[in-house]
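Letter by letter, the chains look like this.
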Amino acid sequence: DDDERSIHDYSYRPEPIFIGKSKHNLYMGFELEMEIGSRDTTMESGKYAAQVLENVAYLKQDSSITRNGKDGFELVTHPHTLVAYQEQSQTLWNTIDTLRDKWGARSWDTTTCGLHIHISRKGFSSGAHTHRFIAFIYKNAPEMMKFAGRKSSYARFNDVWRFDEYDRPYFSLAHKLDPNAPTERYSAVNTQNEHTLELRFFRGTTRPSGVLSAIELAHASVEYTRDMTLSDVKLGMLKWDWFYDYVEANNGFYPNLYERMSKVSRISLKNIE
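The rules behind the values
Residues numbered from 1 in each chain as written. Predicted model: local features only at pLDDT ≥ 70, side-chain atom pairs only at ≥ 80, totals over all residues. Heavy atoms only, no water. Buried < 20%, exposed > 50% of the residue type's maximum accessible area, 1.4 Å probe, protein only. Helix = DSSP H or I, 4+ residues; strand = E, 2+ residues; numbered from the N terminus. Pairing = 2+ DSSP bridges. Contact = heavy atoms within 4.5 Å. Axes fitted to C-alpha atoms, helices over the stretch in contact; angles between N-to-C directions. Parallel < 35°, antiparallel > 145°, perpendicular 65-115°, else oblique. Nonpolar A, V, L, I, M, F, W, Y, C, P; charged D, E, K, R; others polar. Phe/Tyr/Trp six-rings, centres within 6.5 Å; stacked < 30°, edge-to-face > 60°. Lys NZ or Arg CZ within 6 Å of the ring centre and 35° of its normal. Core = buried A, V, L, I, M, F, W, Y, C linked by side-chain atoms within 4.5 Å.

Colleague: Which residues make up the pairing of strand 4 (residues 72-77), and what values do they have?
Modeller: Of all six residues in strand 4, six are buried, a share of seventy percent or more. With five bridges connecting them, strand 2 (residues 28-35) and strand 4 associate as antiparallel partners. Bridge pairing in strand 4 places glutamate 35 opposite glycine 72. With four bridges joining them, strand 3 (residues 57-60) and strand 4 adopt antiparallel strand pairing.

Colleague: Provide a residue-level description of the side chain of threonine 206, including the pertinent values.
Modeller: For threonine 206, the position within the fold is in the loop between strand 9 (196-203) and helix 8 (208-226). Aside from chain neighbours lying at most four places away, what touches threonine 206 is Met34, Ile96, Asp97, Arg100, Ala105, Arg106 and Ser107.

Colleague: How would you summarise the packing of helix 8 against helix 10 (residues 240-249) if you had to cite specific residues and measurements?
Modeller: Two numbers describe how helix 8 lies on helix 10: the axes approach to 11 Å, and their chain directions differ by 105°. With respect to helix 10, the axis of helix 8 lies roughly perpendicular. The residues of helix 10 that touch helix 8, namely those facing Leu217, Ala220, Ser221, Glu223 and Tyr224, are Trp242, Phe243 and Tyr246. Each residue belonging to the contact of helix 8 with helix 10 can be placed in one class, and the counts come to six nonpolar, one polar and one charged.

Colleague: Outline the packing of aromatic side chains, supporting the account with residue identities and numerical values.
Modeller: Under the criterion given, the structure shown has 20 aromatic pairs. Taking 5.9 Å as the distance between ring centres and 55° as the angle between the ring planes, the aromatic pair formed by phenylalanine 136 and tyrosine 224 counts as tilted. With a gap of 88 residues between them, phenylalanine 136 in helix 5 (residues 127-139) and tyrosine 224 in helix 8 connect regions that are remote in the sequence. For phenylalanine 136, a relative accessible area of 0% gives the class buried. Judged by centre distance (5.1 Å) and plane angle (50°), the ring pair of tyrosine 224 and tyrosine 246 falls under tilted. In this pair, tyrosine 224 sits in helix 8 while tyrosine 246 sits in helix 10, placing the two residues 22 residues apart along the sequence. With relative accessibility at 22%, the residue tyrosine 246 sits in the partly exposed group. Grouping aromatic residues by their ring pairs yields a cluster made of Phe136, Tyr224, Trp240, Phe243 and Tyr246. Note that arginine 203 overlies the ring of tryptophan 108, its terminal NZ or CZ placed 5.3 Å from the centroid. Over the ring of phenylalanine 147 we find arginine 260, and its NZ or CZ is 5.3 Å from the ring centre.

Colleague: Quick rundown of the nonpolar core? Include the residues and the values.
Modeller: Formed by 65 residues in total, the largest nonpolar core has its most connected members in Phe30, Leu75, Ile117, Ile119, Phe201, Phe202 and Phe243. Among the elements that make up this core, the one with the highest residue count is helix 8 (nine residues). Look past the residues within four positions of leucine 75 in its chain and what remains in contact with it is Phe30, Glu31, Leu32, Met34, Leu53, Ala57, Tyr58, Leu59, Leu92, Ile96 and Leu99.

Colleague: Describe the pairing of strand 2, naming the residues involved and giving the relevant values.
Modeller: Burial of strand 2 is extensive: eight of the eight residues sit out of reach of the surface. Burial along strand 2 is two-sided: the residues Met28, Phe30, Leu32 and Met34 and Gly29, Glu31, Glu33 and Glu35 are all buried. Pairing between strand 2 and strand 5 (residues 114-120): five bridges, direction antiparallel. When the sheet's bridge partners are listed, glutamate 31 is paired in strand 5 with histidine 116.

Right, dumping it as C-alpha cells:
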C-alpha cells in the first residue's frame with residue numbers, strides 16, 4: 001500500500017534507478033528536508049511533486065521536522081551521475097523551485113532541515129582512496145562547516161578524535177573504515193550504510209544552485225583524492241588551499257562549487273544569511 005502514497009514512511013526503500021553513465025561508477029543521491037506548512041499544504045504539494053518526479057525522486061516522512069511541530073517531507077533522489085544532475089535534471093530543479101515559490105517550502109532558514117549527499121562506495125578505487133577522501137573531509141572541518149552553512153549535532157566532526165592511554169587526543173579513522181567497528185551515524189561522514197558514504201553536514205536549501213554546489217563538492221572531493229599518493233599527502237595536498245586550486249582549474253566542470261568556494265573565507269557560522 002505504501003507504493004501508492006505520495007509521501008512514504010521513513011523506512012521506504014524502493015529499488016534504485018541509476019540515472020546517467022559513470023566511468024568510475026560514481027553515483028550520488030541526495031536527501032533534502034523541507035518544511036512546508038500545514039498538513040493540508042504538505043499533502044497537496046507532496047502529491048504534485050511525487051507525480052512530476054516519478055522515477056527521478058520520491059518523498060518520505062521525516063520525524064526531525066514533525067517533532068518540532070512543523071510539517072513537511074524529505075525529497076530523496078535516485079542515484080545520478082554529476083552530469084545527469086547538471087544537464088538532465090531540469091524537471092527536478094523546477095519542482096524544487098515550485099515547492100518554494102508556490103507552497104512556501106523552506107529549508108535553509110529553519111532549525112530542522114538538512115541536506116545529505118550519498119556517494120556510492122563503488123565509486124572509490126580502493127580502501128586507501130576511501131581513507132583519503134574521509135581524511136580530506138575531516139581535516140578541513142572549518143571550511144566544510146562554513147561551506148555547508150552550519151555546525152550541527154546531527155553531523156559532528158569530532159568523532160574522529162580518540163584518546164590514548166595518557167588521555168591525549170589523536171586523529172583516527174579506523175572505526176570509520178572498519179565495517180565491524182562501532183561508528184557514529186550522526187557524524188559529518190556517516191559510514192554505516194552498506195552501499196554508500198553519506199555526507200550529512202550541509203544546511204538544507206531550496207535553491208538549486210545551492211544543492212548543486214553540495215553535489216559538486218562531493219564529486220570533486222572524490223576525484224581530487226582518487227589518484228593522490230602518500231607523497232602528495234605528505235606534501236600537504238589534503239589542505240583546503242590545494243583543493244581550491246584544483247576546483248579553480250576545473251571550474252567549468254564545477255561551476256556552482258567554484259562560485260561558492262570563493263565566498264568561504266568570508267562566511268560566519270553565526271550569520272546564516
